[in-house]
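Residues per chain, in single letters:
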Amino acid sequence: MNEATATQTAEVVITGYVASTSLADDADDTWRLLCDGVSGIGELSDEFANTHDLPVRIGGKLELLPADHLNRVETRRTSFVEQIALILVRRLWRDAGLDDMDRERLAVSIGTGLGGGDALVAAVDAMRAHGHRKVSPMSVPMIMPNGSAALIGIETGARGGVHTTVSACSSGSEAIAHGWRLIVSGEADVVVAGGLEGPIDAVPIASFSAMRAMSTNNAEPEQASRPFDRDRNGFVFGEAGALLVLESEAHARSRRAPIHARILGAGITSDAHHIVAPTPTGEGAARAMQKAIRTSGLTAADFTHVNAHATSTSIGDASEASAITAVTPWASVYAPKSALGHSIGAVGAVEAILTALTVKHAVVPPTLNFHNPDPGTELDIVAGNARKERNDYALSNSIGFGGHNVTLALGRP
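## Re the confidence of the model for the protein
Confidence along the protein averages 96 in pLDDT terms, with 98% of residues attaining 70 or more. The least confident element of the protein, judged by mean pLDDT, is helix 1 (residues 3–6) at 42; the most confident is strand 9 (residues 305–307) at 99. In the model, residues 1–8 has pLDDT below 50 throughout and makes 16 contacts with residues more than four positions away in sequence or in other chains.

Here it is as structure tokens:
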């Protein structure tokens, strides 16, 4: 589907959302704490942090505990990310009011980075220790990246297609962009879209630390993630999961569903530059922002707020700052990873919800730990305290390893 087809064919609205983060087991509570300037980053208590003598011992652990919500069979047959999927979709669907809808017009679009990586490690460990007979027959369904989307499709009865996007840190946003396209093209009336990711674990920490991409400020966890700050020294992991109900406005109006915000457009581009580094000029991210604006039917001047991907890495933040400066230099900017950490495949969906709440409530939360602006960066970064500010239209950026760039354009209800 080309951009001309996508532009204003159908209005897409958000009629439901759920999230669990390192701050709270609820999207609205997460939002409230973010506005209060609270951090979800702390010291990791996991055994692996000491067992492997990891250089990074901090992160944002999920407030949700799967064992408190699932029975023993469900827990045994699903990976961590699938457990989060089941818990969140049950919450979402319980309040969605869509039980009577035509399931042929219901689709699912879920993003993830690694999927059930924890289940893969467990299966390998079991086989090495006890032989192949100790490998669970459910190992493959637990490992496969589409497992979460499939379970959500089964839970909701979706028969309009179940899709999985795997594009590193852009996965959650790309899933929402795909859901938006399904509704705009007329293939679905409703899409359950979002992003989910597995737990913080030793191997990702070891790998990212080896590339010097993670903050090692173990002594001050809450101050470790410093997006756009001159003294930033790497990102911090944060666990999260988020799901949204996307719906055509006509379908939502027909059933008098609450409308929280609008998905107006989406831009997806690729850098074709490097497997782990963005283009220094931010050219790829800028094109994604411009595409999102173009598909929204609005102009750049209409967008007065940007939810930045801003992971707190030296190269990444500078590249995105260049992109924002090139497209919307007047916009206020917020970087949620300063408080929540980076949840990879889930983060784009989490931040889409935060952007929706920003435009809905006319408030921008503060970026934490922004004390010394990066030389040459002239962005209007909201810091210190939450800012009351009406933004009718906002952009949410996601930038992933491999050169994936996704921007969502959102608007007030």
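Here the narrative resumes.
## Focus: the pairing of strand 6 (residues 190–196)
In terms of residue burial, strand 6 counts as a mostly covered element, since seven of its seven residues are buried. Across the two faces of strand 6 the burial is the same, with V190, V192, G194 and L196 and V191, A193 and G195 all buried. Bridging between strand 4 (residues 106–111) and strand 6 involves six bridges; their strand directions are parallel. Within the sheet, the bridge partner assigned to V108 lies in strand 6 and is V192. The pairing of strand 6 with strand 7 (residues 241–248) spans seven bridges and is antiparallel.

## Quick notes on the packing of aromatic side chains
Summed over all chains, the structure comprises five aromatic pairs. Aromatic rings pair up to connect F208, F235, F237 and F401 into one cluster.

## Overview of the layout of surface pockets
One number sums up the size of the largest pocket: a volume of about 700 Å³. Lining of the largest pocket is provided by 28 residues; of these, L114, P199, D201, V203 and P204 occupy positions nearest its centre. When residues of the lining of the largest pocket are assigned to their parent elements, the largest contribution, five residues, is made by helix 10 (residues 202–210). Within the lining of the largest pocket, the residues separate by chemical class into 15 nonpolar, nine polar and four charged. Counting residues per element, the ones that place at least two in the lining of the second largest pocket are helix 13 (314–327) and strand 14 (393–400). Looking at the lining of the second largest pocket, the element that brings in the most residues is helix 13, giving six residues. Of the residues contributing to the lining of the second largest pocket, the split by class is 13 nonpolar, 13 polar and four charged.

## Overview of the packing of helix 2 (residues 27–35) against helix 15 (residues 347–361)
Between helix 2 and helix 15, the shortest axis-to-axis distance is 11 Å and the interhelical angle comes to 70°. Comparing their axes, helix 15 and helix 2 come out roughly perpendicular. Note on packing geometry: the crossing formed by helix 2 with helix 15 is right-handed. Within the contact between the two elements, helix 2 uses A27, D28, W31 and L34 and helix 15 uses I353, L354, L357, T358 and H361. Residue composition of the contact of helix 2 with helix 15, by class: six nonpolar, two polar and one charged.

## Comments concerning the packing of helix 9 (residues 171–184) against helix 15
Relative orientation of the contacting elements helix 9 and helix 15 amounts to 65°, with a least axis distance of 5 Å. Here helix 15 runs roughly perpendicular to helix 9, going by the angle between their axes. Counting all contacts with helix 9, which are made through G172, S173 and I176, the residues of helix 15 involved are G348, A349 and A352. Residues belonging to the contact of helix 9 with helix 15 are distributed by class as follows: three nonpolar, three polar and no charged.

## Description of the pattern of salt bridges
Applying the stated criterion across every chain yields a total of 22 salt bridges. Close ionic contact of K61 with E239 constitutes a salt bridge, the shortest N to O distance being 3.1 Å. Highlighted residues: K61 in the loop between strand 3 (58–59) and helix 4 (72–76) and E239 in the loop between helix 10 and strand 7, separated in sequence by 178 residues. Judged by its relative accessible area of 5%, E239 falls in the buried class. Across the salt bridge formed by R387 and E389, the nearest N and O atoms sit 3.0 Å from each other.

## As for the environment of S39
Its place among the elements puts S39 in the loop between helix 2 and strand 2 (42–43). Residue S39 is classed as buried on the basis of its relative accessible area of 14%. With 86 residues separating them in the primary sequence, S39 and D125 have C-alpha atoms 35 Å apart. If we skip the residues at most four places from it in the chain, S39 touches L23, E222, S338, A339 and L368. A polar side-chain atom of S39 sits 3.1 Å from the main-chain amide nitrogen of I41.

Cut-offs applied
Residues numbered from 1 in each chain as written. Predicted model: local features only at pLDDT ≥ 70, side-chain atom pairs only at ≥ 80, totals over all residues. Heavy atoms only, no water. pLDDT = per-residue confidence, 0-100. Helix = DSSP H or I, 4+ residues; strand = E, 2+ residues; numbered from the N terminus. Contact = heavy atoms within 4.5 Å. Buried < 20%, exposed > 50% of the residue type's maximum accessible area, 1.4 Å probe, protein only. Pairing = 2+ DSSP bridges. Phe/Tyr/Trp six-rings, centres within 6.5 Å; stacked < 30°, edge-to-face > 60°. 1 Å grid on protein atoms, 1.4 Å probe; cavity = no way out; pocket = protein on both sides within 12 Å on 5 of 7 lines; lining within 4 Å. Points joined across faces, edges and corners; volume = space filled by probe spheres on them. Nonpolar A, V, L, I, M, F, W, Y, C, P; charged D, E, K, R; others polar. Axes fitted to C-alpha atoms, helices over the stretch in contact; angles between N-to-C directions. Parallel < 35°, antiparallel > 145°, perpendicular 65-115°, else oblique. Left-handed = near helix turned anticlockwise from the far one by under 90°. Salt bridge = Lys/Arg side-chain N within 4 Å of Asp/Glu carboxyl O. Polar contact = N/O pair within 3.5 Å; in protein donor to acceptor, adjacent residues only side chain to side chain.

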